[in-house]
Structure formats: structure tokens, C-alpha cells
Amino acid sequence: MKKQVFKHGLFFGLLLTANLFLACSSDEVQSEQKLINIAKSGKIILSVQEFGTEQEITRAAQLPTKPQIVDLEDGMTAEISVEKERETHTPVTRATPTDGHYCLYALNASNQRVGNLLKGTVKTTSTWISTPTPGFPWGHQEDTTTFTADAGSELELPSGTYKFVCYNEGVTDDGTHLSITNGTKVPLIGTTTATITDGNYELAIEMKHPTARVLLVLTGMASGGEDPAGAVSIKGKLTSTTMVARQFSPDATSSTPIAGSNVLNFDFSDGHMSTAMQYLLPGNGADFKLDLTNGTYYRKSIGTLKTTLAALGTFSANDSYRLKIKIRPSYVYLFNDGTTGYFKDKGSRTPIGIVIRQKTATTKGLAVALNLSSNSYYPAINLNYGNKQSFPQLADAIKDMNGYASTWEANTSVNNEVKANSANYPAYQVAAHYNPGVPTSGIGKWFLPSLGQIELMMYTLAFSKRNTTGISMLSYANEAFHYAFSRVGSVGPFLSPNNITELCTSTQIRPGGCWSYWANSYNGFYYEYSSYAYVLPFVEF
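Residues numbered from 1 in each chain as written. Predicted model: local features only at pLDDT ≥ 70, side-chain atom pairs only at ≥ 80, totals over all residues. Heavy atoms only, no water.

Enquirer: Would you explain the packing of aromatic side chains in this entry?
Expert: Aromatic ring pairs are defined here through the distance separating the ring centres and the angle between the ring planes. Considering all chains together, one arrives at 21 aromatic pairs under this definition. On the basis of an interplanar angle of 40° and a centroid distance of 4.7 Å, the ring pair of Tyr297 and Tyr298 is categorised as tilted. Accessibility expressed as a relative area gives 0% for Tyr297, which makes it buried. Three or more aromatic residues joined by ring pairs form one cluster here, namely Tyr476, Phe481, Phe485 and Phe494. Of note, Arg113 hangs over the ring of Tyr105, and the distance from its end group to the ring centre comes to 3.7 Å. Just above the ring of Tyr428 sits the side chain of Lys419; from NZ or CZ to the centre is 5.2 Å. (Phe/Tyr/Trp six-rings, centres within 6.5 Å; stacked < 30°, edge-to-face > 60°. Buried < 20%, exposed > 50% of the residue type's maximum accessible area, 1.4 Å probe, protein only. Lys NZ or Arg CZ within 6 Å of the ring centre and 35° of its normal.)

Structure follows, in C-alpha cells:
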């Protein structure tokens, strides 16, 4: 072009004065050659449309109202539900972009790329402004976002109107099209149309999320229990059937599905609540399959969970969802015919207790009643009566497993009578004559449990730490223990929603006094009582 311009000037110079020739040719060369450095000549301002502000999507229209229930090994179940994290009626809000690497290219009127790809780093700094302003009498924080071009990266364009497309590291660029896939990186794409001149100008680009943000939350009911009762080394995998990757048109106004990787692997960290953030292509959740493998919960293997994510429903770009996977513990119940099993398999049988020790060829099974004997306090023994053996030290008392013998064998009493049938031993008597409400067979006699048997119940059903050394206070999983009873419509020893009432035991601390157990919503307490407590019977089978 420069060569053509000079020839043109020489041809007409034969007819014009030398001064006129020089003026005209100089102006045209300057006009043709002037390029504007986009990163240096104006301002590049990036903002991000926050998740959940694109539009409101109502639960009734998009999200299932009932959770999925999926069976796991050993009677455990997974309850899968979804919540939309934000629903807003306010105008669209914007935030500063995440620090990181961004790229920018320009399109001409024919949607063809022109110039080079501008690469740079975005960084946001915060400054506290102490000067009072309306609504902020104590000052306020101001965020400043700067775009710094990489060394040697420039985008130079002649004056004109262009469409600019910006994207971050979560987006793939093949030089013609942008593409995204399911993954852990958050993709951002933004566009704007601007006229570039030699003076001051501004590229204000609003970055949007072309994916949905899905936080997978794994929880259970083991909070407060011994640590191994929570999630341990559980691996997760999301597999997509069709929503694998999408390719965008050069101006990022439309997209089409393309081939790509269809598997996302992630780990749930150990504990009572674990999370994994994923950024998924919008569409139908039923396109995804969730696998959980290789881990334990409630001290048991979860086996392998394989299910489609129908609970996710239809989800949209730029929206945020919380997919909750709640692992519920399994409990084995004692039924009225003396058999045991999971509640879902009860058939015509009626549960009368919860198994805390399985029956073996050499050991009888042990179960706790579903209800207290009554809602009245009972003294373990009347004055001047009691057991022949006492356990003044908690470390010894916690080892007492002889609740049945203490209730039904006369030689354990100071007056050599069977406590189960004597008014001298009220708590023993009411425990021995407990009525579960239905006729029973295949079970032994009900009895007042020992302190060691109460401790076994808390370890087995409430995932408390095994109290082998006689610790007076131990945390337990309140929600799990409550669920063991509520699963079959009982309240068990919970006379208030979260507190285990004081429970009487057959373990005597000294004449006239016995050990008992009670708990608030976090901790259980082993201590002496000398008057009255409630009775929660046990039975062997």
C-alpha cells in the first residue's frame, strides 16, 4: 500500500506544485499507517456477571421437589437433592473478575479475526477509602482491576468499529473458535462492540459464565461422632452422555456440541462434610451419571453408588446449584418374631428394637428397646437394697456387661431376690416387664442394661468413641442416634428434640447409688445418680 501511494503522488506531481504534492502524499501515508495499540491507548475494563443473576429460575419449573433415594451397601442409603443457590429479583449485579490470565481478540464487520491475540494478566487490588461518603460514613472499600499485557503481546488496529471477545484460562482457543468442557476450571467469556480512535476510549467487557456452577456436597449424620465414622477416602466421578463440550462461533453468540472428554474425577476429603466444585455445561442433569466408590462411611464400606443425576433437573448457564448427597446410616432392627434385618425389608414384621450386637454361634444378640419403659422417673433401688458388687471407678464400671444377670439372677442382690419381680428394685422391675406393644417370639427377657451395655449402644448407634478407659464425657453423633429411632417412628430416649434423657443402669457405684448416662446435643455424660432416672430396656435374642 505504501508503494502504491507514492506512485500516485508522483503522477499527479507533474500537474501540481511541489508543496501541494508533499502535503497530500504525507497525509495519506499517515492515514494508512496509523495503528492503535489497544492495551496502551485506552482502558480495558472487565467485570463479571455473578452466578445466579442472569435470570430467575423457579424451583417449580426447573428443579425436582423430591430427592432421589439410592441404596448403598450394608443398608445405607444416599439421599440426593438439589438447591439453586441464589434466586434474585434485583437487577443484574456485577463483580470484579477473578485474578488470572485473560485473552482478547477483535473481529471485523465480517466476523473475521483481525490483528494479533492480546494476552495479559488481570489483577484486582483493594483500597480502603476513609473519606465518608453517602451511605458509608465510616469509609468504604474500592476495588481496582488492571489488565497488564504480557511482554511482547500487542493488539494493534486501525481506527474503526470492532467486536471484541475476551476469555479466560477456562476456555480453549484453536485460533478460529472457542470451546469449553465440563471441568473444575471456571470458564468466562465476554464480548463488547466499540469504536477505536486515536483519542481516549474504553473497552468495557462484561464476562459471563457459559457453564453452570455445581457444588457437590457430601454429608452424613456422623457429625460429633468418632472421626472414622465420617467420610473416609471416597472417590467421585461424573460421566456425561452427550453434554461433553461446546464450540462457540467466532463472535461467541452461538454454540454447538463437539466431541470431548466425558469423565470428571474428584475426591471427597475426609470428614463429616466434603465438597467438590464442578462447572458443567447447561442442560439436563439426567445426562450425568454420578459414581461414588472406594470409601467408607459410618465405619462401613459404601460399596459403589451409580446413579443418574435426575435430581439435578434442568440447569442453566450462569446459575449456581448445590447438589447434596447425604449418606444415611444403616441400622439392623429386631423384629417381633425374633428375626433381624433392615427396616426396608420388614415386610409384615414389626420392629421392637435396634440391634447393637449381632447374634453369633457363640454369643447372643443384643438389642435396645425402641421406647422408654414409661415417661416416669424410677429409682434403681430402694434404700437398704442393692447389688452385691459395686464399681466406684468409672474405668471399671464401663466394663460391666451384666445387665441381664443383675436383673434376673437372685444371687446378684444383697437380699438374694430376683430384682425383676421385686418392688425393692423399681427400675429393674419396670425394665423386666417392658411391653413393646405387639406379641413377641424368639427373644429373651427384657432387662435393665449395665453401664457397659449403654456404652456399647452409644458406640454402635451414635458412633461415639469407644470408652475403654472410663472417660466421663464423650461426643456422639446426635443426628445419627436420633435417626436410628425416628426411622421406625419412635423417639427412643429423646424426651426433648436433641437431649438424651438421664438413663438408669444396673451398674452400682456404691450402696444406694448407681451409674447413669445422659447427653445434650453434642456430648454424652457418664456419672453417678442417687435418686431417679428413666428406663430404656435391653433384650437378648
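Okay, back to it.
Enquirer: Mind showing me how you'd approach the sheet that holds strand E27 (residues 320–328) here?
Expert: Within a sheet, each strand pairs with its neighbour through backbone hydrogen bonds, oriented either parallel or antiparallel. An order of E3-E4-E27-E15-E20 is seen for the five strands of this open sheet, with the pairing classed as mixed. Each of the sheet's edge strands pairs with one partner strand only, and the pair in question is strand E3 (68–71) and strand E20 (273–280). Each neighbouring strand pair of the sheet contributes to a mean axis angle of 20°, computed without reference to strand direction. The sheet contact formed by strand E4 (residues 77–84) and E27 spans eight bridges and is antiparallel. By the bridge assignment for E27, Val82 is matched with Leu323. (Pairing = 2+ DSSP bridges. Helix = DSSP H or I, 4+ residues; strand = E, 2+ residues; numbered from the N terminus. Axes fitted to C-alpha atoms, helices over the stretch in contact; angles between N-to-C directions.)

Enquirer: Whenever I open this one, helix H8 (residues 451–461) confuses me. Can you help?
Expert: Each α-helix turn comprises 3.6 residues. Residues three or four places apart therefore point the same way. Across the 11 residues of H8, nine count as buried, placing the element largely inside the fold. When we look at burial in H8, the residues that qualify are Leu451, Gly452, Gln453, Ile454, Glu455, Leu456, Met457, Met458 and Leu461. Of the residues one or two after H8, Phe463 is the one with positive phi, at around 55°.

Enquirer: Mind showing me how you'd approach helix H9 (residues 478–486) here?
Expert: Along H9, the residues classified as buried are Asn478, Ala480, Phe481, Tyr483, Ala484 and Phe485. Residues of H9 that are buried sit in contact with E27, strand E28 (333–335), strand E30 (351–357), strand E31 (366–369), H8 and strand E34 (500–510). (Contact = heavy atoms within 4.5 Å.)

Enquirer: Looking at this model, I keep getting lost on the environment of Arg466. Mind explaining?
Expert: As for its position among the elements, Arg466 is in the loop between H8 and strand E33 (473–475). Exposure remark for Arg466: the relative accessible area of 36% places this residue in the partly exposed category. Along the primary structure Arg466 and Glu226 are separated by 240 residues, whereas in three dimensions their C-alpha atoms are 8.5 Å apart. Non-local contacts of Arg466, meaning those with residues more than four positions away in its chain, are made with Glu226, Glu455, Leu456 and Tyr459.

Enquirer: What's the story with the side chain of Glu455 in this structure? I'm lost.
Expert: By the secondary structure assignment, Glu455 is in helix H8. Polar side-chain contacts of Glu455 include one of 2.7 Å to the backbone nitrogen of Asn467. The contact partners of Glu455, leaving out residues within four places of it in the chain, are Ile398, Lys465, Arg466, Asn467 and Tyr526. (Polar contact = N/O pair within 3.5 Å; in protein donor to acceptor, adjacent residues only side chain to side chain.)

Enquirer: Help me understand empty space enclosed by the protein in this model?
Expert: It is a probe the size of a water molecule, rolled over the atoms, that shows where empty space is left. Applying the stated criterion across every chain yields a total of one cavity of 30 Å³ or more. Every residue along the wall of the largest cavity is listed here: Asn182, Leu238, Thr239, Ser240, Ser261, Asn262, Val263, Leu264 and Phe288. The biggest single contributor to the lining of the largest cavity is strand E16 (residues 234–240), with three residues. Each residue belonging to the lining of the largest cavity can be placed in one class, and the counts come to four nonpolar, five polar and no charged. (1 Å grid on protein atoms, 1.4 Å probe; cavity = no way out; pocket = protein on both sides within 12 Å on 5 of 7 lines; lining within 4 Å. Points joined across faces, edges and corners; volume = space filled by probe spheres on them. Nonpolar A, V, L, I, M, F, W, Y, C, P; charged D, E, K, R; others polar.)

Enquirer: Explain the nonpolar core to me, please; I cannot follow it from the model alone.
Expert: Buried together is how nonpolar side chains tend to be arranged in soluble globular proteins. Counting residues in hydrophobic clusters, the biggest one holds 92 residues, and the most contacted among them are Tyr297, Met457 and Phe481. A total of six residues in this core trace back to one element, the largest contributor, which is H8. The contact partners of Phe481, leaving out residues within four places of it in the chain, are Tyr331, Met457, Met458, Leu461, Ala462, Tyr476, Pro493, Phe494 and Ile500. Counting 23 residues, the second-largest nonpolar core is a separate cluster that includes Ile38, Cys166, Ile196 and Met207. (Core = buried A, V, L, I, M, F, W, Y, C linked by side-chain atoms within 4.5 Å.)

Enquirer: Hey, could you run me through the pattern of salt bridges in this one?
Expert: Two side chains carrying opposite charge are able to pair once their charged atoms lie near each other. What the rule picks out here adds up to 14 salt bridges. Here Lys306 ties to Asp291 by a salt bridge, and the two come within 3.1 Å at their closest N and O atoms. Highlighted residues: Lys306 in strand E25 (residues 305–308) and Asp291 in strand E22 (residues 288–293), separated in sequence by 15 residues. (Salt bridge = Lys/Arg side-chain N within 4 Å of Asp/Glu carboxyl O.)

Enquirer: Would you take a moment to explain the confidence of the model for the protein for this structure?
Expert: Atomic detail in the predicted coordinates should be set aside for any region of low pLDDT. Looking at the protein as a whole, its pLDDT mean stands at 86, while 89% of the residues score no less than 70. Low confidence marks residues 54–61, where pLDDT is under 50. Its contacts with residues over four positions away, or in another chain, come to 22 contacts. Scored below 50 in pLDDT, residues 87–93 makes 15 contacts in the model with residues more than four places away or belonging to other chains. (pLDDT = per-residue confidence, 0-100.)

Enquirer: What exactly am I supposed to notice about unusual backbone geometry here?
Expert: Peptide bonds are, in most cases, trans, and in most cases residues other than glycine have a negative phi. Positive phi outside glycine occurs at Ala252, with the angle close to 60°. Residue position: Ala252 is located in the loop between strand E17 (245–248) and strand E18 (255–258). The phi dihedral of Phe463 is positive, around 55°, even though this residue is not glycine. Secondary-structure assignment places Phe463 in the loop between H8 and E33. Judged by its relative accessible area of 4%, Phe463 is buried.

Enquirer: I'm lost on the pairing of strand E7 (residues 113–129) in this one. Help?
Expert: Remember that side chains alternate between the two faces of the sheet whenever the strand is regular. In this structure, strand E6 (residues 100–107) lies alongside E7, joined through seven bridges in antiparallel fashion. Bridge pairing links Leu107 to Arg113 in E7. Hairpin remark: E6 followed by E7, antiparallel, with five residues in the connecting loop; positive phi at Asn111, about 60°.

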